[in-house]
Every structure is written in structure tokens, then in C-alpha cells.
Amino acid sequence: HLLNDRDDTPLCEQCQEYAAQVLEKTKEIKNEDQLVDALGMICDDLPAILSEPCKQQIDKNKDAIWDAVKKIDDLTPKELCAQLTLC
């Protein structure tokens, strides 16, 4: 069973808020290049010391990230957070 008794905790609620935003964004992304560009913008918002390593990790793992994004596309925010064991 994916959902457990942590579904009303503040952490779960916050996760669901962020998950809803992430899931909304993933629906707009149609290919791996768009995904890399979108994640790169997130890296750009990080402090300079973390920005380049962030981009390197995305580039190195883009195939796995793309596969993961396609798998979560049909999940609800609560289901996604449950899989992350935050709910």
C-alpha cells in the first residue's frame, strides 16, 4: 500500500505542494532537451559553487532523469510523495 499514516504531517503536506508544481511542469516538457534546459535553470538559481556540479549531474544522469519524469507523469502529488516515503 503506497499511502500510510504519515499523510497528514507537515512534511507530507509540503511535499504534496512541491510535487504538484513538479508534476505540472513535467506535463509541459515534451523531450529530454527541454528537461535538461528546465533543470539547468534550477541549477542557475543555486549558489555559484553548486550550480556547475548540479548541471554536470543533470547531464550525466539525463537519461535516467527523463525515464523517471515519464514514470511520474501519471502520479498524483500524494502518490509521488508516498513513493518518496514522505507521506
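Structure's up top.
These notes cover the structure that comes with them.

Basis of the calculations
Residues numbered from 1 in each chain as written. Predicted model: local features only at pLDDT ≥ 70, side-chain atom pairs only at ≥ 80, totals over all residues. Heavy atoms only, no water. Helix = DSSP H or I, 4+ residues; strand = E, 2+ residues; numbered from the N terminus. Expected span 1.5 Å × (residues − 1). Bend = angle between axes of the 7 residues up to and from the residue. Buried < 20%, exposed > 50% of the residue type's maximum accessible area, 1.4 Å probe, protein only. Salt bridge = Lys/Arg side-chain N within 4 Å of Asp/Glu carboxyl O.

### Concerning helix α3 (residues 48-72)
- For α3, built from 25 residues, the straight-helix expectation of 36 Å at 1.5 Å per residue is missed by more than 12%, its first-to-last C-alpha distance being only 30 Å.
- At Asn-61, α3 shows its strongest bend, of approximately 75°.
- Looking only at α3, the buried set comprises Ser-51, Ile-58, Trp-66, Val-69 and Ile-72.

### Some thoughts on the environment of Val-22
- The topology assignment puts Val-22 in helix α1 (residues 10-28).
- Residue Val-22 is classed as partly exposed on the basis of its relative accessible area, which comes to 42%.
- Considered as a pair, Val-22 and Pro-53 are 31 residues apart in the sequence and their alpha carbons are 21 Å apart.

### As for the pattern of salt bridges
- A complete count under the given rule lists 2 salt bridges for this structure.
- The partner of Lys-55 in a salt bridge is Asp-44, and the shortest N-O contact between them spans 2.6 Å. Of the two residues, Lys-55 is situated in helix α3 and Asp-44 in helix α2 (residues 32-44); the sequence distance between them amounts to 11 residues.
- The exposure class of Lys-55 is partly exposed, given its relative accessible area of 30%.

### Things to note about the environment of Cys-87
- Relative to the elements of secondary structure, Cys-87 occurs in the segment after α4 (77-83).
- Given the relative accessible area of 0%, Cys-87 is considered buried.

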